Amino acid sequence: MKKSTERARHQGDVFESIGRKLAAMTSGGSRRGWLLMFAFFALLSLIFLYTIMLVFTVGVGMLGINIPVAWGFPIINVVWWIGIGHAGTLISAILLLLRQGWRAPISRFAEAMTLFAAGIAGMMPIIHLGRPWFFYWLVPYPATMGVWPQWRSPLVWDFFAIATYITVSLLFWYLGLVPDLGSMRDRAKTKLGRRIYGVFALGWRGAASHWRRYQTAYLLIAGLATPLVVSVHSVIALDFAVTLVPGYHSQVFPPYFVAGALFSGFAMVLTLTIPMRRIFRLYDLITSDHLEVMAKIMLAAGLVVIYGYVIEYFLIWYDGDEYHIYLAFNRMFGPYAPYFWGMMFINVLLTQSLWFPKVRRSAGILFAVAVVLNVGMWLERYVIVIISTNRDFLPSSWNTSFGTWVDWSMLLGSLGLFFALFLLFIRAVPAISIFEEKELEYEHEHEESGRS
Amino acid sequence: MTDRKPSPSARIPAVNVDDDSNVQLWQPSESKDSPDLPPHIDVPLGRQQLERYLPILNASSDRRRFLKMMAASMGAAGLGPGLTACVKGPAEEIVPYVDAPEIIVPGKARYYSSVFTRNGYGYGVVAESHQGRPTKIEGNPMHPASLGASDVFMQAELLNLYDPDRSRAVQENGEIRSQGNLRLALANKREQWSSSRGRGLRILTPLVTSPSLASQIRELLRVYPEARWHQWQPINDDKALQGARLAFGRDLAVDYRLAQADVVLQLDGDLLSELPGSLHYARDFARRREPLGNMSRVYAVESQPGLIGAMADHRLGANALLIEQLARHLSAQLTGRPVDPSETSALSDEQQRWLQRCARDLREHAGRSLVIAGAQQSPSVHALAHWINDYLGNAGTTVIYREPVAQRSELLTESLQDLSRDIATGEVDSLLMIDCNPVFDAPADFEFGQHLKAVPFTAHIGLYFDETAALSRWHIPLSHALESWGDARAFEGTIAIQQPLISPLYDTVSPYSLLAFLSGDIWRSDYDCVRRYWADVFSGGDSEQRWRRMLIRGVLEDSASALLAPSLQKDAIAALNFEPQPEGGLLLQFAPDPRLWDGRYANNAWLQELPQPLTKTTWGNALLMSPALAAAHDLSPGDLVQIDFGDAGLEAPVWPMPGHPDDAVSITLGYGRNIKPTQAPADEDGAIGNAVGADAYPLRMSDNLALRAGATLRKTGRSVALARSQHQSTPEGREPVREATLDFFRDNPAFIASDESAHNPEKSLYPEPTPEPFATAGYEWGMSVDLNACIGCGACSLACQAENNIPVVGREQVLEGRLMHWLRIDRYYSSGSSSSSSSESFSDSNNALVSRDADVQTHFQPMLCQHCENAPCEYVCPVGATVHDSEGLNVMVYNRCIGTRDCSQNCPYKVRRFNFLEYNYDQPRTDAMAPARNPDVTVRSRGVMEKCTYCLQRISETRREAKKEGRPIRDGEVLTACQQSCPTQAIVFGDVSDPDTRVSKAKRHPLSYSVLAPLNTRPRTTYVARIRNPGFERRPVRNEESE
């Protein structure tokens, strides 16, 4: 890692400036701009709330579903949102264990992103239910009737996977925040701020013993979180893979879902990083190098996804099952063909642009690509969820169903909620880890001075 | 008993103190076993019994009890809105039982025989009653027009009874009046008629077969000698009657013996669905379609595709006018009658070849063949059919002739024409219209509605305040068949009694009371009138015995019309004039609707939502035309076209119908109604059937009720969505319906069985899906559906809906793809010569059925829960809401379902149905329909998955009965609702663990197969593959190459 511009500065000044700058993100920047953005996304969140209320009070019939397409937007959204969360866990846990120092400036908000995305994803299956008020029947609680969840169902595994994921993500994110909450408490200008940050800082004083225990705990949780990167989306993939529906029943799904998750997750991290870097002028903390690394990971994940496509259709051909072969053609030429080709165009062709350093290092272009890739991954989930049962075994049942205005509003609303939460987050706590940045800077300085 | 909620169960006819009319017990098993009177039957309650049951009538009741009773009856008397707003009965009717009558056991259904009348002819039914509420209609096995089966109309009558749009009050010029007002007005008229000997009084009824009603009308005509009686119904037998007059010089009824017929030729029309004896004929027809038996061969010439064409071995599409030429050609071929070449000039070579083969077959089976002319065909065709049957020696064997069944055999069109003419000339001053709707359905050229306004005194008695009511001075609400007494004759003359199951829900009137009153009698109850008539008939000592016996059996034995041996007037037929086909313009053909008939069922939501057998459309009709004609006009399904005759026209959506002749278009009658409910449900303006579909009656002329020539077709450029239950019409190279020709089957008797064994899965490493204790629990339920017998009529679907409280979802939800039928009938088209290209279907499924090939083959497949032993739905449910029970059923635990819909996603048959919205409660109509619900079946609310249960409640009930008697359930003791209603007995249900049951035997049929067997779901529902018997030519069979 090169940071030549910083070489001459005094280490103390640097630490102080990092601390001030990052802590100031909670109050600095353009207050009016923040308010406007927050108002906009809060409005979208209200739309989200409204559509949920509508679905809860009137029924899931408000959504674009029928027989045979009984799974609709909520399922697409849960897979998509969970996938987005994966990048955060990968950055925080795996890259921490791999000692990838460059993760420091992005880890905190990537974790927050994971948390919010997983939270929204966790709501989607409940919205999807015909009788959402009974969602807790998936929980193995000691009911008086002695009934338990049906363990063979992947939906039960799913429930546990998502619940674990949200819990671990929350713990991990909070633990990482503790030292910075201490800093925030010390920097707080009002009594109330001191109180609030103080409570959440858990009495953090920055003592060496604190640091020692803290690092052990953090590593442990990182170790716990690591398998989740693979397991959560694999389990979600099993929702589909264990059925016998052509288009769902595919052995390649678990790894392919994980790759897709990382792909879309990094796209979302970039979608968030690039505007934030610009708004808060964090060019010296989040450099083009960071963007490039993320773009490279995205490219790698994208290639795995493309490989997944190839294998999926290879297996269909190799299997020779007439229903699966029909499915392949139905995706390409059926009533939903635009969705399929849209997905192919974005995920296969557009991903190739990441081979070019110019694209990877240009914030503007990369931002555009990342946004479109997110759409592409949403389309991928659409293709899987919808274009499978719509024409399955008996032609007499074939039918189509498209999203209603409630579906689209809900998707848009969930995005609004996500960004609104994110805006609150960067106002409440340092969006970039102060202590990790300092640590990174320290290590960097030492490296430099040792070399000279 | 002290339930204060308004519930019709509190108003049980058994304690109807208004009159002595009481329903009788129908006990099929007992009466079947012993022809004598069963020892126990319901006895009409007299005053004495009533006092026993209802102590309020008894002066000796103590005060406290009296007050209690009063409180209860007050509570019940404030019955409030809905059903009971216009209760006619006094408060005593709703007093709870103190000493419960023995015959009523709460929770136990009772069954009563009755008869429904459609087009004048009787259809015997057995109605199920729960605590006084009719909840289900079944066919009466002893009635010849039912044989235990039912059609969609019989099933749907139940909903008509509870229809909240029914007329509820007497109205004069649209103002509600009391019955006293009405009687006063009628009494005044009565005096006037007495002095004028009834001059100017006319009565209009549908065709009357009812002996008692006819005797009342005759009595009226005796009292007022100058009054006249007219009959009219839009779907009538005029042409058949004219044909009979041509051929035999007399009126007669034609009856077929399909069980005797080796070769059947249907010349237009549909013996499986359109005749008053269709249920009977369908049974006989199916009996001869068993591939292992002596299979018949069926030829059908159709002007518009129908069920018989779908079942036929050889089908020929020709427009309705051309069929006369075909008949002439055929008769010439057979009998050697000389023909003028011009008579058959319009026939193509292919048609002539087809006829030659058919003629050869008919001749080879002389004496065991049958030619049937459709009701819409001209009298000449009927006469020619009679001639051919006579020539081939079929008369007396496959076709028999009877005395007319109608009480007055006449040409109904002429009868109505006389009436219209007399109205126009001012000869009519009083017109009484009983249960008919001429303003809506009279031929357009009569301008009946225009003339009607000129009649000073008009009274209409009908179930609805309909189009005729709106133009009449008086409207009188008619009692439903389940509310009143009556009788009717079946297609072959057998008499059955119509018994009420419930006292009238509204302030309705029976035509018997009205006619008696008009004849100068007191206002008698319908029971009184009918009973008196039969007391006269059964004169003698055993009169009462015979009456009861008739009620118990539901039919009067040996009352069929006398057989005739009429002599054919060959010369008259030979001299028949030939009318050449009119030049120019399209031919518009009319037909009764398979769901609404002539429009009388337009307000029946069950029928509106039951997909049409061939088009699979719901909630509306369409203009049917051949795919080629549609393509020529650049029309896609749902495009609105204007069909014009200069003076009148209509706008309707197009449906390209494979197999339809290219030079004609067709439309079904009965849509576009306008009914005014007396009291519409809160948030609705009118009746639900109003303005649904296009009304074709304004185009129909009296000179030919079947068709009208000279139409022009114009594309409007607009289109509507047709609410269809099925979007893909071709099997896409898959084989849900397996079929072969009879010859192929005889050469390869194991062609199905070998495939089936090939699908037998290898031993799995995993334990068997059905845990061990279940396998030994006793019964193992299973079903077999014979595709050779299934005629696709849809009765099973509707019977299932009625039995299992399946909601109606409405047109919008059907468009969304959310139809709720647990049992659907899949209809596939394939083409005999070229297999459809599957690439076409990718583009737009709407166009997929546009097969240019006229030689289309139609396949029906009832599809219901297959009750897979290895059920894919079960393992994906996270809460275990769908599980296997100990008898091999795949059951739904509604209370446990949280609505993930994973079960439906994983069901390869897509037979599961989901309550996407609240379809059952809090809807304007659901409250009114509540009494119709089966109390043995849970009503599902929103968010819950549901599906076929094999009528679990019927199994349970039978199991209880058997346990009480300490015996196993007998084979055939449990009938599923679909099985019971099926006209052809295509559905067999029973215990598959017992090798001797009918279902086990059916599953051993060499043609028995499972749908999607390679998925290893191991369905308990299997099908018997369809075999066609084309005979002399071996058609290419898809099975041959693909297996």
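Thresholds, definitions, all that
- Residues numbered from 1 in each chain as written.
- Chains lettered and ligands numbered in written order.
- Predicted model: local features only at pLDDT ≥ 70, side-chain atom pairs only at ≥ 80, totals over all residues.
- Heavy atoms only, no water.
- Helix = DSSP H or I, 4+ residues; strand = E, 2+ residues; numbered from the N terminus.
- Rg over C-alpha atoms; globule rule 2.2 N^0.38 Å.
- Buried < 20%, exposed > 50% of the residue type's maximum accessible area, 1.4 Å probe, protein only.
- Contact = heavy atoms within 4.5 Å.
- Lys, Arg positive; Asp, Glu negative; His and termini not counted.
- Charge placed at Lys NZ, Arg CZ, Asp CG, Glu CD.
- Axes fitted to C-alpha atoms, helices over the stretch in contact; angles between N-to-C directions.
- Left-handed = near helix turned anticlockwise from the far one by under 90°.
- Nonpolar A, V, L, I, M, F, W, Y, C, P; charged D, E, K, R; others polar.
- Patch = residues over 30% accessible without salt bridge, like charges linked within 9 Å, V, L, I, M, F, W, Y side chains within 5 Å.
- Areas by Shrake-Rupley, 256 points an atom, 1.4 Å probe, with all protein chains shown as cover.
- Salt bridge = Lys/Arg side-chain N within 4 Å of Asp/Glu carboxyl O.
- Polar contact = N/O pair within 3.5 Å; in protein donor to acceptor, adjacent residues only side chain to side chain.
- pLDDT = per-residue confidence, 0-100.
- Buried area = accessible area lost by both parts, 1.4 Å probe.
- Parallel < 35°, antiparallel > 145°, perpendicular 65-115°, else oblique.
- Pairing = 2+ DSSP bridges.
- Expected span 1.5 Å × (residues − 1).

### Section: the overall build of chain A
When its secondary structure is counted, chain A shows 15 helices and 0 strands. Computed over its C-alpha atoms, the radius of gyration of chain A comes to 23 Å, within 12% of the 22 Å expected for a compact globule of 452 residues. Each principal axis of the C-alpha distribution contributes one length, and for chain A these read about 75 × 55 × 40 Å. The burial tally for chain A puts 60% of its 452 residues in the buried class. A separation of at least 24 residues holds for 82% of the contacts in chain A among residues at least 6 apart in sequence. Charged side chains in chain A number 35 positive and 26 negative. The centres of these two groups are separated by 10 Å.

### What to know about the packing of helix α4 (residues 104–128) of chain A against helix α14 (residues 405–428) of chain A
All names here are of chain A. For the pair α4 and α14, interaxial distance at closest approach is 10 Å and the crossing angle is 145 degrees. Helix-helix and strand crossings are classified by hand; for α4 and α14 the assignment is right-handed. Residue-level inspection shows R108, F109, A112, M113, F116, A117, I120, M123, M124 and I127 of α4 in contact with α14, the latter providing M410, S414, L417, F418, L421, F422 and F425. Tallied by class, the residues present in the contact of α4 with α14 amount to 15 nonpolar, 1 polar and 1 charged.

### As for a nonpolar patch on the surface
Residues and elements named next belong to chain A. A cluster of nonpolar residues, L43, L46, L49 and M53, forms a patch on the protein surface that exposes about 420 Å² of accessible area. Looking at where L46 falls in the secondary structure, it is placed in helix α2 (residues 31–58). For L46, a relative accessible area of 53% translates into the label exposed.

### Considerations on the side chain of N437 of chain B
Residue and element names in this part refer to chain B. Relative to the elements of secondary structure, N437 occurs in the loop between β14 (430–434) and α14 (438–441). The class of N437 is buried, set by a relative accessible area of 9%. A polar contact is formed between the side chain of N437 and the side chain of T468, at a distance of 2.4 Å. Leaving out residues up to four positions away in the same chain, N437 has contacts with D466, E467, T468 and R673.

### Quick word on the confidence of the model for chain B
Residues and elements named next belong to chain B. Across chain B, the average pLDDT comes to 83, with 84% of residues at or above 70. With pLDDT under 50 throughout, residues 69–92 is counted as low confidence; its partners more than four residues away or in other chains account for 37 contacts. Every residue in residues 1034–1043 scores below 50 in pLDDT, and together they form 28 contacts with partners more than four places removed in sequence or on other chains. ipTM for the predicted complex: 0.89, alongside a pTM of 0.87.

### Remarks on the interface of chain A and chain B
Counting residues at the interface gives 57 residues for chain A and 57 residues for chain B. Of the roughly 4700 Å² buried at the junction of chain A and chain B (both faces included), carbon and sulfur atoms supply 55%. When the buried surface of chain A facing chain B is broken down by residue, I67, R131 and L394 of chain A rank first, second and third, together holding 15% of it. Two residues, K910 of chain B and D392 of chain A, come together in a salt bridge whose shortest N-O distance is 2.7 Å. On inspection of chain A and its partner chain B, the count reaches 37 residue pairs in polar contact (both at pLDDT 80 or more). The greatest single-element share of the side of chain A that touches chain B, amounting to 6 residues, is contributed by helix α10 (residues 322–333) of chain A. Looking at the side of chain A that touches chain B residue by residue, the class counts come to 37 nonpolar, 15 polar and 5 charged.

### Things to note about the packing of helix α11 (residues 337–349) of chain A against helix α13 (residues 363–389) of chain A
Residues and elements named next belong to chain A. Two elements in contact, α11 and α13, have axes separated by 8 Å at closest approach and are oriented at 140 degrees. The angle between α11 and α13 places the two elements in the oblique class. Note on packing geometry: the crossing formed by α11 with α13 is left-handed. Two secondary-structure elements touch here, α11 through Y339, F340, G342, M343, I346 and N347 and α13 through V372, L373, V375, G376, M377, L379, E380, Y382 and V383.

### Remarks on the pairing of strand β37 (residues 987–991) of chain B
Residues and elements named next belong to chain B. With 5 of 5 residues buried, β37 lies mostly within the body of the structure. Pairing of strand β30 (residues 781–786) with β37, which is carried by 5 bridges, proceeds in the antiparallel orientation. Note on β37: the bridge partner recorded for S784 is V988.

### A word on the sheet that holds strand β8 (residues 253–256) of chain B
Residue and element names in this part refer to chain B. On the basis of which strands lie adjacent, the open sheet formed by 3 strands has the order β8-β13-β20 and antiparallel pairing. Edge positions in the open sheet fall to β8 and β20 (563–564), since each of these has one partner strand only. Pairing of β8 with strand β13 (residues 399–402) involves 4 bridges; the strand directions are antiparallel. Across the sheet, residue A253 finds its bridge partner in β13, namely R402.

### Concerning helix α8 (residues 253–279) of chain A
Residues and elements named next belong to chain A. For α8, spanning 27 residues, the distance from its first C-alpha to its last is 39 Å, which sits close to the expected 39 Å at 1.5 Å a residue. Along α8, 23 of the 27 residues are buried, which leaves the element largely enclosed by surrounding structure. Among the residues trailing α8, R281 stands out with phi positive, at a value near 50 degrees.

### Section: the pattern of salt bridges
Residues and elements named next belong to chain B. A complete count under the given rule lists 61 salt bridges over all chains for this structure. We note a salt bridge from R360 to E364, for which the minimum N-O separation is 4.0 Å. Taken together, the residues span about one helical turn, with R360 and E364 both in helix α11 (residues 349–364) at a distance of 4 residues. Here E364 falls in the exposed class, since its relative accessible area comes to 56%. Put simply, E887 and R959 hold a salt bridge, and the shortest N to O gap is 2.7 Å. Of this pair, E887 sits in the loop between β33 (882–884) and β34 (890–892) while R959 is found in helix α32 (residues 952–964), placing the two residues 72 residues apart along the sequence. You can call E887 buried: its relative accessible area is 6%. A single network of salt bridges, built from pairs that share partners, joins R202, R228, D418, R421, D422 and E427.

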